[in-house]
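This is what each chain is made of:
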There are 4 protein chains.
Amino acid sequence: MKSSIGEALQISLFGESHGEAIGVLINGLPAGIPLDENYINHFLDLRKPKGKISTSRKERDELHVVSGYFNGHTTGTPLCILFENSNTHSKDYHNDKMRPSHADYTANEKYRGYQDYRGGGHFSGRLTAPLVAAGSIARHILEKKGIVIGTHIAKLQELQDIPFPESEDVAVSVLQELNQTYFPVCDVEVSKQMQERIETLAKTGDSTGGILETMVLGMPTGVGEPFFSSLESVLAKLLFSIPAIKGVEFGLGFEFCNFNGSEVNDAFYMDQETVKTKTNYNGGINGGISNGMPLHLKTVVKPTPSIFIEQETIDYQTKENTTIQIEGRHDPAIVHRARVVVDSVVAIGILDLCIQQFGPAWVGE
Amino acid sequence: MKSSIGEALQISLFGESHGEAIGVLINGLPAGIPLDENYINHFLDLRKPKGKISTSRKERDELHVVSGYFNGHTTGTPLCILFENSNTHSKDYHNDKMRPSHADYTANEKYRGYQDYRGGGHFSGRLTAPLVAAGSIARHILEKKGIVIGTHIAKLQELQDIPFPESEDVAVSVLQELNQTYFPVCDVEVSKQMQERIETLAKTGDSTGGILETMVLGMPTGVGEPFFSSLESVLAKLLFSIPAIKGVEFGLGFEFCNFNGSEVNDAFYMDQETVKTKTNYNGGINGGISNGMPLHLKTVVKPTPSIFIEQETIDYQTKENTTIQIEGRHDPAIVHRARVVVDSVVAIGILDLCIQQFGPAWVGE
Amino acid sequence: MKSSIGEALQISLFGESHGEAIGVLINGLPAGIPLDENYINHFLDLRKPKGKISTSRKERDELHVVSGYFNGHTTGTPLCILFENSNTHSKDYHNDKMRPSHADYTANEKYRGYQDYRGGGHFSGRLTAPLVAAGSIARHILEKKGIVIGTHIAKLQELQDIPFPESEDVAVSVLQELNQTYFPVCDVEVSKQMQERIETLAKTGDSTGGILETMVLGMPTGVGEPFFSSLESVLAKLLFSIPAIKGVEFGLGFEFCNFNGSEVNDAFYMDQETVKTKTNYNGGINGGISNGMPLHLKTVVKPTPSIFIEQETIDYQTKENTTIQIEGRHDPAIVHRARVVVDSVVAIGILDLCIQQFGPAWVGE
Amino acid sequence: MKSSIGEALQISLFGESHGEAIGVLINGLPAGIPLDENYINHFLDLRKPKGKISTSRKERDELHVVSGYFNGHTTGTPLCILFENSNTHSKDYHNDKMRPSHADYTANEKYRGYQDYRGGGHFSGRLTAPLVAAGSIARHILEKKGIVIGTHIAKLQELQDIPFPESEDVAVSVLQELNQTYFPVCDVEVSKQMQERIETLAKTGDSTGGILETMVLGMPTGVGEPFFSSLESVLAKLLFSIPAIKGVEFGLGFEFCNFNGSEVNDAFYMDQETVKTKTNYNGGINGGISNGMPLHLKTVVKPTPSIFIEQETIDYQTKENTTIQIEGRHDPAIVHRARVVVDSVVAIGILDLCIQQFGPAWVGE
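Conventions used here
- Residues numbered from 1 in each chain as written.
- Chains lettered and ligands numbered in written order.
- Predicted model: local features only at pLDDT ≥ 70, side-chain atom pairs only at ≥ 80, totals over all residues.
- Heavy atoms only, no water.
- Contact = heavy atoms within 4.5 Å.
- Buried area = accessible area lost by both parts, 1.4 Å probe.
- Salt bridge = Lys/Arg side-chain N within 4 Å of Asp/Glu carboxyl O.
- Least-squares fit on C-alpha atoms with pLDDT ≥ 70 in both.
- Axes fitted to C-alpha atoms, helices over the stretch in contact; angles between N-to-C directions.
- Helix = DSSP H or I, 4+ residues; strand = E, 2+ residues; numbered from the N terminus.
- Parallel < 35°, antiparallel > 145°, perpendicular 65-115°, else oblique.
- Left-handed = near helix turned anticlockwise from the far one by under 90°.
- Nonpolar A, V, L, I, M, F, W, Y, C, P; charged D, E, K, R; others polar.
- UniProt positions renumbered as here; feature names shortened; annotations may be inferred.
- Buried < 20%, exposed > 50% of the residue type's maximum accessible area, 1.4 Å probe, protein only.
- Pairing = 2+ DSSP bridges.

Draft legend 1. Examining the interface of chain A and chain B more closely. The interface is formed by 99 residues belonging to chain A together with 99 residues belonging to chain B. Taken together, both faces of the contact between chain A and chain B bury some 8,300 Å²; the carbon and sulfur share is 61%. The tally of links from chain A across to chain B stands at six salt bridges. The salt bridge partner of B:Lys246 is A:Glu232, with a shortest N-O separation of 3.0 Å.

Set out below in structure tokens:
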């Protein structure tokens, strides 16, 4: 299904930025799961623009469960969540001038001018709010099964955060702390530098991207299928659905290029009764299937294309070259906000594969 | 479908390395397409191990069309292609010692010991032969529509090939030449160095990976869907299905991290009647949809995990730590062979999205 | 997808009878289609209970388009339609006593007591309102392509309507008239008798079902796939989704049992330039594919299970035998209202197959 | 997927009657299931033409497992089964004269003349052999879970078999006996009459159809989804995939038309600890979900369209009216052979829904 993803757990997004509402339809959630609105709202809050490093645009992200929820639990039938739109400034956006590196031009070509262009329409980053709602439900289920997900900004321009700790015991508290932090960087000093960099760029009307590193602890073994539903394939499909994500790598990723096999093969050993690997260059995945080690992946978020510096473009009506000066309120960086979207889709992908592998009853056990 | 991928064009793989046969089932190919066996065999040949840089194992990759093909054309009903297995040396492979960074352990966990472990079974790279067959059929259709795909080894350890030319006119002949070359590197001197490096590693029983850069010329605009079936999502899911691929990036990819938005936004301009972008940092995709510029993507192939240097591992039966000395015949590098698999899945993904967008009749127009 | 159906055109239902809203998510509608609210409301109106032959319950079926619609046309992105619930009388319904032949018991078993039981919850016939909305959009598109759908009550208990006319020219006006008629029976006298029968049954608190006969004129040839997506398979899956439908047959259907092959084979002949069949016992389908003749199918609607006569049942809490006296407002017959739901799903199925066969551009041609 | 069906358990058919081989690809079978070839061959044998009531054509239906099977058990990866074709008489079939009520004309329209027309090609009833193979694997799994499926010819022209017994204890042995019988009729005398009727028709070159009644004992409650994956929807989609099936009904089916609700509602009662219904007019399904009572369904098989009496038709090349005299060897009835195909697809549908509901581990428990 074009706007849907998943097999046992299925997610469909709908809505436009300046339409009446946006939302998500979730199928395959077993009956009897309590929804913790505080939990979900916490992650929705991490997605919101805040402070000097964000747009001053206010989005009212009020979770509105329309169906599939009764007496405090999921019913087992389709769960529909709406977010009503408000505080929209249509005049900021409408333009025949195609914004560079946005979907304006491609959407116009694909939908022959019929798309809702206001504020990016269906292509707006705002659609990630319902995605975070769905993902937070999945993440909550996984946490009860001992599976913890967390992400930090590993790199923003030349500024690098410290790496994730190797010890899983230490790592779990790092992930938990990150999940409480709006700007998710482990090293306090680096965090400050990154935020200052964003503020500086904001002053010049410019923007930046960054690299996110995600870790999943407590993964069961055997999750993922050979070939087309490999753990990498399932997660990458979800991750590349997030606007602005332009790269995904697992474990060593592109660094694998620089090493010999003898340097980066992950030797197995018995840690008491448990099979582990001495290193984890493969990011917890062998042959597309989880091996029980922490899942490691990185994603790159490109610089926000909405900058306030004048840019060259075309006028779609006149088919002539022109320039564009984007107005309105836009984020100089979204990498810190994208972090919770990454966590959300990772949770959705893992839960879907787990339900396929272990059956729906596993969820509530 | 777990072992299948695609919407309008669907591909299902089956078979095990040392079973009777492996194969692919293709659904959604319109009727009336002539299959050019020479064309398909050419790409199957590029996938085969050859020379000192490969295993000496010989695979008989004879295309065997079982169904869906009549009087020299596709019938419109399911096309099944088999490759019979032969020349298998089962004794080389069977081992309770889990080979590091292979699927031995995870498959055993997932399938509870029932998997066909001989030669990697269903996880064998040999399964990419039917994938190349399917992909070559797709690629042939795309070529008739003016869509040309090609890949070179951009980097192998520290050795770097020259970049793809910026001019599309020059690029097209570069791609065509690469498609005729077994070891796909543009710079002759670099090609020699890379091959020598592989030979050197082979002598020490070690292996290497590499980075592949792929370009698609002649892409129509409007291909790809918002969110879950974005062009990046669809291609990444296919690319991560290829064993050994651990990273995928589009356009600038992870390099986006190092730039300001003002430096990497792709300005639009009119080139006569055609909308183009002055740069192509987004790799031909905006908002998940093709913008008509060349598609650019990179994938990383990890070093072949089958090395001949002794490695630490466990014995699955005794659950004790031990060492393993892999025997048999294995490739010191597969990056040059993986290239044609990358091209193949890219062709499959693009053709699927094009049929969805333009209808099945587009194929034969 | 569990609550979805379709390939190129996809429909997902959600909501519960006494929840906040019910709705439908439609994917795959091409951009640029004008929605005619009057047209849709007309068919929603035919679905509503009216007069003495129906419940006195009033449902406010106000079409509320949430997404995918802009400036009077579809945008090409997901179309979400909501119907807010109102005028609900929860107290009429809640009961531990399982209503015979309803989904109370099976839903309770499946969802372990977490289902929204009020008014049938997700199993309510009310969910057919969004289905009619989606179907009417599909039907409108088909009509513009010359494909006309219509249904009459062929039989209600022993009362039989006259058969559809054989001439396609006459039939088209019969279908059009039926589509304007609330109680869809061709013979005025039979119509009166059927309605009187329903009124009589209503007085005794009883109910009735009936047989619907549907005809589709203007079908293109070549629609439907061999085996699992045969025209019969696709339509039957949709038709059996409608609550109360317990049988589906095409052409002669179960009557085929009584004839020799020589009596019921449909001989081909040339009618000018067009291939036709002299008879149409196969209902316009050969080998699962439309042959250009009118599509003929019949469905049976079982008697409404909500009757006011005391019935034996169990108390789910005490697990004891007891009796139930259903209260509230219920229809003594829904066969006339189900008619428009049948037409709707037939339209959805045909449009989906046509988009697959002819491409999305066919819709707007 | 066009030629596939199923969610957790997926079946894809391929091949043509006179091509090299036909086959089925099965995905989603858990690892560790032993395949009993005798069991499967027994049902393949019931599908074969035999005696005077069948064609004299001999089909070699040798099960050939190509993949997914190792050391006597399923591996958990795709299971591919081939049946090689042999003893084909191409000259019997090739004809520009479109055989009435066959797929010759519609396939030609759909595939623009590229279809393999020999012996019906992909539309041949021969494709049901792999379907029976897949279904028998599913049926074997279900039997181990206490779910028994059986079918008899309820009616052939005016000849009627005795109904299934009401007692489940008696019914189970009736089903088991039917599953051992080539011509599946309960009443010996009626069986003889039906076979004589077929022989008589065979002598005049004519054919007959019949009505099959199927019962499934031991159904767990809670299987099936609301709306589009209702038990009726899932089974009907599969059943209408079988060539020659033109009607499907559950429980009372079309007879529901003749009764009041008070007469055909199924009253619940406690039978010790078990919830049962006093009658079973709904065929074991309420709201699309199994209620634990026996599943009851009927299908109608139309008369074999291949008759030896001269028929009117067109010549596709000349577009002129003509007559056709079908030659070769054809069945005067296939209703007895279709029986095992019906059982097979019912088994596939139920197993798929059970795996979705109870998880893959349920299979091997």
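After that view of the structure, there is still more to cover.
Draft legend 2. View of the relation of the copies chain C and chain A. With an axial shift of 0.0 Å and an RMSD of 0.0 Å, the rotation relating chain C to chain A amounts to 180°. Between the two chains, the operation in question is that of a two-fold axis. Taken as a fraction of all interface residues of chain C, those also at the interface in chain A reach 100%, which identifies the copy contact as same-surface.

Draft legend 3. Quick look at the packing of helix H1 (residues 37–47) of chain A against helix H3 (residues 128–144) of chain A. Residue and element names in this part refer to chain A. Relative orientation of the contacting elements H1 and H3 amounts to 135°, with a least axis distance of 9 Å. It follows from the interaxial angle that H1 and H3 lie oblique. When the axes of H1 and H3 are compared, the crossing they make is right-handed. Listed contacts from H3 to Tyr39, Ile40, Phe43, Leu44 and Arg47 of H1 are Thr128, Ala129, Val132, Ala133, Ser136, Ile137, Arg139, His140 and Glu143. Across the contact of H1 with H3, the residue classes tally to eight nonpolar, three polar and three charged.

Draft legend 4. Representation of the UniProt feature "binding site: NADP(+)" (unreviewed entry) in chain A in the model. Residues and elements named next belong to chain A. The sites that UniProt annotates as "binding site: NADP(+)" (unreviewed entry) are Arg47 and Lys52. Assignment of secondary structure puts arginine 47 in helix H1. The buried category is assigned to arginine 47, whose relative accessible area is 3%. One can find lysine 52 in the loop between H1 and strand S4 (64–67).

Draft legend 5. Representation of the pairing of strand S12 (residues 268–271) of chain A. Residues and elements named next belong to chain A. Burial along S12 is one-sided: the face carrying Phe268 and Met270 is buried and the face carrying Tyr269 and Asp271 is not. As defined by bridge partners, S12 adjoins strand S13 (residues 274–277) across four bridges and the pair is classed as antiparallel. When the sheet's bridge partners are listed, tyrosine 269 is paired in S13 with lysine 276. Once S12 ends, the chain turns through two residues before running back antiparallel as S13, passing glutamine 272 with a positive phi of about 60°.

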